[in-house]
Amino acid sequence: MNTFLGRRARMAAATVSTAGLMFVAGCASSGGDKGAGATADGVRLVKAGQLTTCTHLPYPPFQSEIKGTVQGFDVALIDLAAKNLGVKQRILDTPFENFKTGAFLNSGQCDVAAAGMTITAERKKNVDFCAPYFDATQAVLVDKKSGITSLADVKAKGKRLGAQAQTTGEDYVKQKGYDPVSFESSDAVLNGLRTGQVQAVVIDYPVVQRWLKDKANADAFALVDNLNTGEQYGFSVRKGNTRLLAVINKALKDAMGDGTYKKLYEQWIGPYHADSPAAS
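This text gives an overview of the structure that appears in the document. Numbering of residues starts from 1 in every chain and runs along the sequence as written. In view of the model being predicted, local features appear only for residues whose pLDDT reaches at least 70, and side-chain atom pairs are presented and counted only at 80 or more, with totals across whole chains, interfaces and linings using the full set of residues. For side-chain calculations, the full set of non-hydrogen atoms in the structure is used, while hydrogens and water are omitted.

## A closer look at the pattern of salt bridges
Part 1: Salt bridges, as used here, are contacts in which a Lys or Arg side-chain nitrogen is within 4 Å of a carboxyl oxygen on Asp or Glu. Considering all chains together, one arrives at six salt bridges under this definition.
Part 2: A salt bridge links Asp128 to Lys239, with the shortest nitrogen-to-oxygen separation between them at 3.3 Å. Of this pair, Asp128 sits in strand β7 (residues 127-129) while Lys239 sits in the loop between β13 (236-238) and α12 (242-258), and the two are 111 residues apart along the sequence.
Part 3: Judged by its relative accessible area of 19%, Asp128 falls in the buried class. Working definition: helices are DSSP H or I runs of at least four residues, strands are E runs of at least two. Numbering for both runs from the N terminus. Accessible area is worked out with a 1.4 Å probe on protein chains only. A residue is then buried under 20% of its type maximum, exposed over 50%, and partly exposed in between.

Dropping the structure here:
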């Protein structure tokens, strides 16, 4: 149900003139619910007939390009909101640092941001979040040959730790006194472990779950720590876009009530139990 704007097109979009961005932002913030892009439900969209989603690729199992189409848990959930609006989802690949500031939402390039993103007080200053839809923990994955058995072991044995830049996982280990090697994407994190640039990495547990489904990864790496950091994921919209937020919240609530959430969870993440991470 979604369409994907590739990196070349995304880069072109990112070079729009400042004047153009100011004009788009002005349109997007005027009332927030009326205009040429409005749907039958009165939700103002940045482009008529589609729900434009900012994400950062790749980040499986939440979003990644599979056979030319962006798919994943986040993608499937936002598709539900798009369906309720009577439109299709269009995905725009953007730098992750923009999710902290809400830059692409506030400039009018995207309607919603969905990127396996933790709700934080800092981010709430710039964007509005939907109800939490996923409880997340951070995992420590290590090279089996490293002898590392915990996060503390990384420091004790003088090994190198990797993390994805601009993420809560990176923030967490920095607060614990580590100086992690920063990688741009989750793929780069895994490659850093494969090539020996680092001997351990910290990243969201569902991402590690997905990696370990591959036999080559399972043979080479081991999960040695699961850090309960109290994180919850949320989708974000620009400040004040209450109508779109209501549509997303309803889609999530309905999905949890009718079994759709469970089905998608098992498809993209793994077995769903009574204590599986879910929305509040």
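## Thoughts on the side chain of Gln199
Part 1: Tracing the chain through its elements places Gln199 in the loop between α9 (186-194) and β11 (200-204).
Part 2: Throughout this description, a polar contact denotes any pair of N or O atoms lying within 3.5 Å of each other; where both atoms belong to protein, one of them has to be capable of donating a hydrogen while the other can accept it, and for residues adjacent in sequence the pair is counted only when both atoms sit in side chains. Within the local environment of Gln199, its side chain forms a polar contact with the backbone nitrogen of Arg160, the two atoms lying 2.9 Å apart.
Part 3: Setting aside residues no more than four positions away along its own chain, Gln199 makes contact with Leu141, Val142, Asp143, Ser146, Ile148, Lys159, Arg160 and Leu193. Residue contacts are counted whenever heavy atoms from the two residues lie within 4.5 Å of one another.

## With respect to the packing of aromatic side chains
Part 1: In this scheme Phe, Tyr and Trp rings, the latter by its six-membered ring, pair at centre separations within 6.5 Å, and the angle between planes marks the pair as stacked below 30 degrees, edge-to-face above 60, and tilted otherwise. For the structure shown, the criterion picks out 14 aromatic pairs.
Part 2: Their ring planes at 90° and their centres at 6.1 Å tell us that Phe73 and Tyr265 sit as a pair that is edge-to-face. With Phe73 in helix α3 (residues 73-85) and Tyr265 in helix α13 (residues 260-268), this pair connects stretches of sequence that are 192 residues apart. Here Phe73 matches Tyr265 in class, with each residue buried.
Part 3: Ring centres of Phe96 and Phe99 lie 5.3 Å apart, and the angle between their planes is 45°; on these two criteria the pair is classed as tilted. As far as burial versus exposure is concerned, Phe96 and Phe99 are alike and both buried.
Part 4: Site record: aromatic cluster; members linked through ring pairs are Tyr59, Phe62, Phe73, Tyr133, Phe134, Tyr233, Phe235, Tyr261 and Tyr265.
Part 5: In this structure, Lys155 is placed above the aromatic ring of Tyr178, and the distance from its NZ or CZ to the ring centre is 4.3 Å. A ring is scored as having a charge over it whenever the NZ atom of a lysine or the CZ atom of an arginine sits within 6 Å of its centre and within 35 degrees of its normal.

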